[in-house]
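Survey of secondary and tertiary structure
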Amino acid sequence: MLNGFFVNPILALRWNDFATHIKRMADLGAQKIIVQWTSGHGYGLYPSRIYDPIWGLPRNTDWIKQLLETAMDHQIDVWLGLDACYSTSEWHYDKPLQSLSQRCRTTASELADLYQNTGSLSGFYIPVDLDQPLKKTGVNFLDQIVSHCHQLGYPVACPASEPRPKLTGRHYEADQQDQEWCARLQRLRRTWRKSWQQAIDQSGLDILVIRDLCGVGRESDLEADLHHFQNIRRWVSLPLYHQTQDLIPTSAEAKIGFSYHHLDPFPTAEVVPCHSVRQGPARQGTMRQAPDLLRQKADRVEQFLQESCLVEGQVVSVLDTRFPATAQQNQWQEDADWLTGLYVGAESLRYATTGETAAADRARQSWQAVHKLSNISGTPGIVARYWLLHIDGPLGDGRKRWHQNDDGIYWIGDISRDQLSGHMFGLATYFDHVATA
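Below or above, wherever it landed, is the structure these notes cover. (Residues numbered from 1 in each chain as written. Predicted model: local features only at pLDDT ≥ 70, side-chain atom pairs only at ≥ 80, totals over all residues. Heavy atoms only, no water.)

Moving on, we come to the overall build of the protein chain. Across its full length, the protein chain carries 12 helices and 16 strands. Here the protein chain holds 437 residues, and the buried ones make up 46% of them. The contacts in the protein chain between residues at least 6 apart in sequence include a share of 68% that link residues at least 24 apart. As presented, the protein chain carries roughly 22,300 Å² of accessible surface, and 49% of it is formed by carbon and sulfur atoms. (Helix = DSSP H or I, 4+ residues; strand = E, 2+ residues; numbered from the N terminus. Buried < 20%, exposed > 50% of the residue type's maximum accessible area, 1.4 Å probe, protein only. Contact = heavy atoms within 4.5 Å. Areas by Shrake-Rupley, 256 points an atom, 1.4 Å probe, with all protein chains shown as cover.)

On to helix α3 (residues 63-73), then. All of the buried residues in α3 are Trp63, Ile64, Leu67, Leu68, Thr70 and Ala71. The arc that holds the buried residues of α3, viewed along the axis, is 165°, so those residues lie on one side. Summarising the contacts, the buried residues of α3 are in contact with α1 (9-12), α2 (18-27), β2 (32-35), β6 (77-81), α5 (98-115) and β7 (121-125). Phi turns positive, to about 55°, at Gln75, one or two residues after α3. (Arc of directions from axis to C-beta.)

With the rule as written, the count across this model stands at 15 salt bridges. The salt bridge partner of Asp361 is Arg364, with a shortest N-O separation of 3.4 Å. Taken together, the residues Asp361 and Arg364, both in helix α11 (residues 357-375) and three residues apart, mark about one turn of the helix. Among the residues examined, Asp361 registers a relative accessible area of 46% and is labelled partly exposed. For Arg364, a relative accessible area of 27% corresponds to the partly exposed category. Put simply, Glu162, Arg189, Arg193 and Asp225 are held in one network by salt bridges that share partners. (Salt bridge = Lys/Arg side-chain N within 4 Å of Asp/Glu carboxyl O.)

Turning to the side chain of Arg193, a few remarks are in order. Tracing the chain through its elements places Arg193 in helix α7 (residues 179-203). Overall, Arg193 belongs to the buried group, its relative accessible area being 16%. At 2.6 Å, the side chain of Arg193 and the side chain of Asp225 are in polar contact. In this view, Arg193 contacts Asp221, Ala224, Asp225, His228 and Phe229; residues no more than four positions away in its chain are not counted. (Polar contact = N/O pair within 3.5 Å; in protein donor to acceptor, adjacent residues only side chain to side chain.)

With that settled, the discussion passes to a nonpolar patch on the surface. On the surface, Leu342, Leu349 and Phe425 cluster together to form a nonpolar patch covering roughly 230 Å² of accessible area. With respect to the secondary-structure elements, Leu349 resides in helix α10 (residues 336-354). For Leu349, a relative accessible area of 39% puts it in the partly exposed group. (Patch = residues over 30% accessible without salt bridge, like charges linked within 9 Å, V, L, I, M, F, W, Y side chains within 5 Å.)

Before going further, it helps to spend a moment on the packing of aromatic side chains. With the rule as written, the count across this model stands at 12 aromatic pairs. Between Trp332 and Trp402 the ring centres are 5.8 Å apart and the planes differ by 85°, which places this aromatic pair in the edge-to-face class. Placement of the pair is Trp332 in the loop between β13 (314-315) and α10 and Trp402 in strand β15 (residues 402-404), with a sequence separation of 70 residues. Overall, Trp402 belongs to the buried group, its relative accessible area being 3%. By the ring-pair criterion, three or more aromatic residues cluster together here, those being Phe5, Trp15, Phe18, Trp63 and Tyr260. (Phe/Tyr/Trp six-rings, centres within 6.5 Å; stacked < 30°, edge-to-face > 60°.)

To continue, consider the environment of His150. Note that His150 resides in helix α6 (residues 136-152). Along the sequence, His150 and Asp206 sit 56 residues apart, while their C-alpha atoms lie 9.7 Å from each other. Setting aside anything within four residues of it in sequence, one finds His150 in contact with Pro155, Gly204 and Asp206. Polar contacts involving the side chain of His150 include one to the side chain of Asp206, which spans 2.7 Å.

The next point concerns the packing of α10 against α11. Taken N-terminus to C-terminus, the directions of α10 and α11 make an angle of 155°; their axes are 8 Å apart at the nearest point. Relative to α11, the element α10 lies roughly antiparallel. Between α10 and α11 the crossing geometry is left-handed. Residues Asp337, Thr340, Gly341, Tyr343, Val344, Glu347, Ser348, Arg350 and Tyr351 of α10 lie in contact with α11, whose contacting residues are Thr357, Ala359, Ala360, Arg362, Ala363, Ser366, Trp367, Ala369, Val370 and Leu373. When the residues that make up the contact of α10 with α11 are grouped by side-chain class, the tally is 10 nonpolar, five polar and four charged. (Axes fitted to C-alpha atoms, helices over the stretch in contact; angles between N-to-C directions. Parallel < 35°, antiparallel > 145°, perpendicular 65-115°, else oblique. Left-handed = near helix turned anticlockwise from the far one by under 90°. Nonpolar A, V, L, I, M, F, W, Y, C, P; charged D, E, K, R; others polar.)

Moving on: the pairing of strand β11 (residues 254-258). Along any regular strand the residues' side chains alternate between the sheet's two faces. Counting buried positions over the five residues of β11 gives four, a clear majority of the element. Across two bridges, strand β1 (residues 4-7) lies against β11 in parallel orientation. Across the sheet, residue Phe5 finds its bridge partner in β11, namely Gly257. Bridge count for strand β10 (residues 233-239) against β11 is five bridges, and the pairing is parallel. Each residue of the ladder has a partner; that of Ser237, found in β11, is Ile256. (Pairing = 2+ DSSP bridges.)

What follows is the structure in structure tokens.
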């Protein structure tokens with residue numbers, strides 16, 4: 001039924017014996033493996049000269065080489081995913097996708113240099129869901145990466161999700177008996193096919209991996225899609241947990257299960273990370289970790305938050321890092337109350353667990369911000385989303401806008417229930433674990 005599987009690299013790092021899992025895929029008929037990604041957020045899953053090793057992975061560990069060599073023993077082709085980091089800042093401010101394009105090309109160059117002599121490396125996979133229908137930005141993005149990979153001597157595969165109209169107006173649910181809805185879907189599908197064919201023709205993309213998202217019992221135009229696209233190899237990605245043989249299209253060159261990790265685990269498998277530094281037996285079905293790995297992760301997240309995401313103790317999440325956190329480009333932060341409450345709770349729990357006074361100090365600093373958000377409006381019960389001493393531009397209008405209190409401090413109104421959930425969690429957790437008399 002299937003020709004291959006997607007592999008999640010984070011989960012594959014837990015494998016104690018690659019041969020066992022690769023053999024299982026081969027026994028199931030796999031001829032191809034797609035590793036979803038190999039770099040992201042400044043970290044690499046291979047011995048990189050540019051990226052730091054992912055948390056807990058020693059620099060001298062090369063699990064990708066081990067996977068490639070094991071796959072070659074079973075005559076399985078491996079496609080390595082490129083950079084999978086598409087940050088919030090880039091989504092808002094880097095519409096040409098230049099940064100992501102450069103990272104993908106950098107990763108491809110490093111992977112080609114490291115593994116060019118490994119017979120099972122067959123090509124690269126772009127792990128990014130582009131706009132649908134594909135816009136000019138996405139076409140140029142594809143063109144840059146495909147051209148670069150072709151110069152390195154490797155073909156490129158790219159996913160394309162089946163188009164989904166936005167549920168707007170009275171179309172709050174997809175109703176296949178609604179003629180207007182069906183007409184909208186067909187128009188979108190024609191535009192989607194046309195835009196992807198143009199991208200294929202311009203970029204020279206080698207393989208289109210169409211993601212079948214319809215599921216059991218739904219009508220699908222997937223077979224028509226496969227016949228529509230020309231001058232390209234056509235694969236299909238199928239969710240493992242609900243596919244039956246009747247739903248698998250017959251004209252696709254390859255049918256890739258998403259993902260291998262959705263299969264039932266081996267009943268007696270010992271799941272152990274290949275990079276573990278602890279010795280001794282592990283319990284069945286559990287991941288063996290270095291004892292300080294969780295603390296290392298927490299410290300890295302903490303460092304990032306302290307350096308980039310705290311404004312007057314408030315946690316901000318939408319940042320264009322080219323500008324200061326309080327600059328006009330970053331001043332609208334409508335989730336700060338929620339996230340600050342969660343941060344207060346996290347630091348309070350860390351203090352309760354470790355007894356670190358620094359954690360209590362950080363919790364107290366951001367608790368004071370939550371306290372101010374509780375009272376800054378001047379009206380009892382009206383909690384603010386965010387506050388600043390100064391803003392650039394008008395206050396705006398409507399419910400969700402800037403206000404200014406009697407002390408001249410600016411705050412964002414129209415609090416919501418999800419914001420208050422984090423707010424209350426932070427207050428309660430701080431009270432339980434950190435608050436003094």
